[in-house]
Amino acid sequence: MNPDASGPAVHYYMIRGGSQKRNVTILEPGTVGNEYIKTYGHYHVGELDETYWFLAGEGIVLQQKLVDMSQPDVVADFKATKVKAGDSVYMPPGYGHLMVNTGQQWLVMVDDSPVEGTGDSASMPGHADYEMVKKMRGFAYYVVEKNGTPVLVPNKFYREIKKADFGGITAV
Ligand SMILES: [Fe+2]
């Protein structure tokens, strides 16, 4: 949300094992400015789905589907979902996704996406497209701390959001 805001040097850690061994992601708690620490967010190349299982902590999952991949600023469907340890979230094909740590502990999760497309487990997997998110400076909403509670703040670079489900989280 604010590239000049200060925050921890490391936001999250990943161990990539792929569909069989799974991938593990651990998010630090805290904020960058007022924005909670999150994963970068990506769309999948092709018709790939995946599932995230949450093992520890609490957070919010953001998902969004564009009307057309050539128009990164028009969102057909935006969804925010509160999650805690024990929950799982399905990411359907076409839905970009990112995870936000809104708790005091590490947010720990496992997913089943493939690592194919790279020669090693430390590089970005071939199925994930981060460029569209980078271009739009994030998803359609940012998760920001307000009086100790997470709220959704619109990203002004988006032109239109046709349908939104905030999952009971206040949008300001
Ligand atoms: Fe993914």
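Use the structure listed above.
Residues numbered from 1 in each chain as written. Predicted model: local features only at pLDDT ≥ 70, side-chain atom pairs only at ≥ 80, totals over all residues. Heavy atoms only, no water.

(A) Examining the overall build of the protein more closely. Regarding its fold elements, the protein presents two helices and 16 strands. Over its C-alpha trace the protein gives a radius of gyration of 15 Å, about what one expects of a compact globule, namely 16 Å for 172 residues. Overall, the protein is about 40 × 35 × 30 Å in size when its C-alpha atoms are taken along their principal axes. Within the protein, the proportion of its 172 residues that are buried is 43%. Here the contacts in the protein between residues at least 6 apart in sequence split such that 69% fall between residues at least 24 apart. For the protein, the exposed surface amounts to about 8,800 Å²; the carbon and sulfur share of it is 51%. If the 16 positive side-chain charges of the protein are averaged to one point and the 20 negative ones to another, these points end up 4 Å apart. (Helix = DSSP H or I, 4+ residues; strand = E, 2+ residues; numbered from the N terminus. Rg over C-alpha atoms; globule rule 2.2 N^0.38 Å. Buried < 20%, exposed > 50% of the residue type's maximum accessible area, 1.4 Å probe, protein only. Contact = heavy atoms within 4.5 Å. Areas by Shrake-Rupley, 256 points an atom, 1.4 Å probe, with all protein chains shown as cover. Lys, Arg positive; Asp, Glu negative; His and termini not counted. Charge placed at Lys NZ, Arg CZ, Asp CG, Glu CD.)

(B) Representation of the pairing of strand 14 (residues 149-154) within the structure. As defined by bridge partners, strand 13 (residues 141-146) adjoins strand 14 across six bridges and the pair is classed as antiparallel. Of the residues in strand 14, the one forming a bridge with Tyr 142 is Val 153. Count of turn residues in the strand 13/strand 14 antiparallel hairpin: two residues, of which Asn 147 carries a positive phi of about 50°. (Pairing = 2+ DSSP bridges.)

(C) Layout of the packing of aromatic side chains. This structure, assessed with the given rule, holds five aromatic pairs. Pairing Tyr 141 with Phe 166 gives two aromatic rings, centres 5.1 Å apart and planes at 75°, and the pair type is edge-to-face. Residue Tyr 141 is found in strand 13, and its partner Phe 166 is found in the segment after strand 16 (164-165); the two are separated by 25 residues along the sequence. Judged by relative accessible area, Tyr 141 falls into the buried class, the value being 12%. Classification of Phe 166 by relative accessible area gives partly exposed; the value is 23%. Each member of the aromatic cluster is reached from another via a ring pair, and the members are Phe 78, Tyr 141 and Phe 166. (Phe/Tyr/Trp six-rings, centres within 6.5 Å; stacked < 30°, edge-to-face > 60°.)

(D) A look at empty space enclosed by the protein. This model, assessed by the stated rule, comprises one cavity of 30 Å³ or more. Here the largest cavity is characterised by a volume of approximately 150 Å³. Residue assignment for the lining of the largest cavity shows that the elements contributing at least two residues are strand 1 (12-16), strand 6 (50-56), strand 10 (95-101) and strand 11 (107-111). A per-element tally of the lining of the largest cavity places strand 1 first, with three residues. Broken down by class, the residue content of the lining of the largest cavity amounts to eight nonpolar, seven polar and three charged. (1 Å grid on protein atoms, 1.4 Å probe; cavity = no way out; pocket = protein on both sides within 12 Å on 5 of 7 lines; lining within 4 Å. Points joined across faces, edges and corners; volume = space filled by probe spheres on them. Nonpolar A, V, L, I, M, F, W, Y, C, P; charged D, E, K, R; others polar.)

(E) Fine view of the coordination of the iron ion. Only His 42 (NE2), His 44 (NE2), Glu 50 (OE) and His 97 (NE2) from the protein coordinate the iron ion, and they sit 1.9 to 2.2 Å from it. Here the iron ion binds four donor atoms, and the angle range of 75 to 161° at the metal identifies the geometry as irregular. (Donors = N, O, S within 2.8 Å, 3.2 Å for Na, K, Ca; no water. Tetrahedral: all angles 85-135°; square planar, octahedral: opposite > 155°, others 65-115°.)

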